[in-house]
Amino acid sequence: MLLALPACADLKLPIRLSDNRVIDNDDAGLAKTLEHNFSPEDRARLRKALTEYARNTDPDHQLMLQKRKAMHDSISQRFNECNRDNDETLDREEATLCLPQVARHFSYVDLDGDGVITLEELENAYAKMTERQREAESKTEAQQAAAADADIDAKLKNKSKSNPSVIPASSSVNSSGKDNAGLRKRPS
């Protein structure tokens, strides 16, 4: 026996909750269901799992992770080459001999002010530097875009000012802009 149900685009069936309450399947009911069935901790775990899933499937995120790993490897390699006394830190002398740019900004890189730079401090300083560079680039791009927009607006205003006005039909000036009043009619 085949049972046919009418197809309807707005089919709202009731939802039975675990405590045998029945609510309508609308937005408010769905929110109540989620609140009833999921604790705030469960919702937070679900959000975290969805975020992790999105990160793991996003190719841009994977590329970003690869770049971060390459940066970390490069910085740690240079740090280890400069760390002559193998104490997991760089003092001013080691930084001056091996990393002169870092030595110039030693107090900026030495976040805790203990007179030595750790690998973590060096990585944090590098990350801050790249973030400042990105912000400066985006600010420059925004300024260039605004200047280009202003230039386009100025050109449009100049163009509209240079367009000839409408010539009245009773005028002696023809469509080419020449005055017809001085032209003589040929005798026939």
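This report concerns the structure included in the present document. (Residues numbered from 1 in each chain as written. Predicted model: local features only at pLDDT ≥ 70, side-chain atom pairs only at ≥ 80, totals over all residues. Heavy atoms only, no water.)

1. A look at the state of the cysteines
Each disulfide consists of one covalent bond between the sulfur atoms belonging to two cysteines.
Phase 1: Summed over the entire model, instances satisfying the criterion amount to 1 disulfide.
Phase 2: Across the disulfide from Cys 82 sits Cys 98; the S-S distance is 2.1 Å. Looking along the S-S bond of the Cys 82-Cys 98 disulfide, the torsion reads about -70°, which is the left-handed sense. One end of the pair, Cys 82, is in helix H3 (residues 59-82); the other, Cys 98, is in helix H4 (residues 92-98), with 16 residues separating them in the sequence. (Disulfide = S-S within 2.5 Å. Helix = DSSP H or I, 4+ residues; strand = E, 2+ residues; numbered from the N terminus.)

2. Things to note about the layout of surface pockets
The method is simple in principle: a probe with the dimensions of a water molecule rolls over the atoms, and the space it marks as empty is what remains.
Phase 1: The space that makes up the largest pocket amounts to roughly 490 Å³.
Phase 2: Lining of the largest pocket is provided by 17 residues; of these, Gln 101, Val 102, Leu 122, Tyr 126 and Met 129 occupy positions nearest its centre.
Phase 3: Secondary-structure elements contributing two or more residues to the lining of the largest pocket are H3, helix H5 (100-104), helix H6 (106-109) and helix H7 (119-162).
Phase 4: Tallying contributions element by element places H7 first for the lining of the largest pocket, with 5 residues.
Phase 5: Tallied by class, the residues present in the lining of the largest pocket amount to 11 nonpolar, 3 polar and 3 charged.
Phase 6: Empty space within the second largest pocket amounts to approximately 230 Å³.
Phase 7: Mapped by element, the contributors of at least two residues to the lining of the second largest pocket are H3 and H7.
Phase 8: Split into classes, the residues belonging to the lining of the second largest pocket amount to 4 nonpolar, 1 polar and 4 charged. (1 Å grid on protein atoms, 1.4 Å probe; cavity = no way out; pocket = protein on both sides within 12 Å on 5 of 7 lines; lining within 4 Å. Points joined across faces, edges and corners; volume = space filled by probe spheres on them. Nonpolar A, V, L, I, M, F, W, Y, C, P; charged D, E, K, R; others polar.)

3. Let's talk about unusual backbone geometry
Phase 1: Within the chain, Asn 86 stands out as a residue other than glycine whose phi angle is a positive 50°.
Phase 2: Here Asn 86 shows up in the loop between H3 and strand E3 (89-90).
Phase 3: For Asn 86, a relative accessible area of 62% puts it in the exposed group.
Phase 4: Here the phi dihedral of Glu 88 falls at roughly 65°; this positive angle occurs in a residue that is not glycine.
Phase 5: Among the structural elements, Glu 88 can be located in the loop between H3 and E3. (Buried < 20%, exposed > 50% of the residue type's maximum accessible area, 1.4 Å probe, protein only.)

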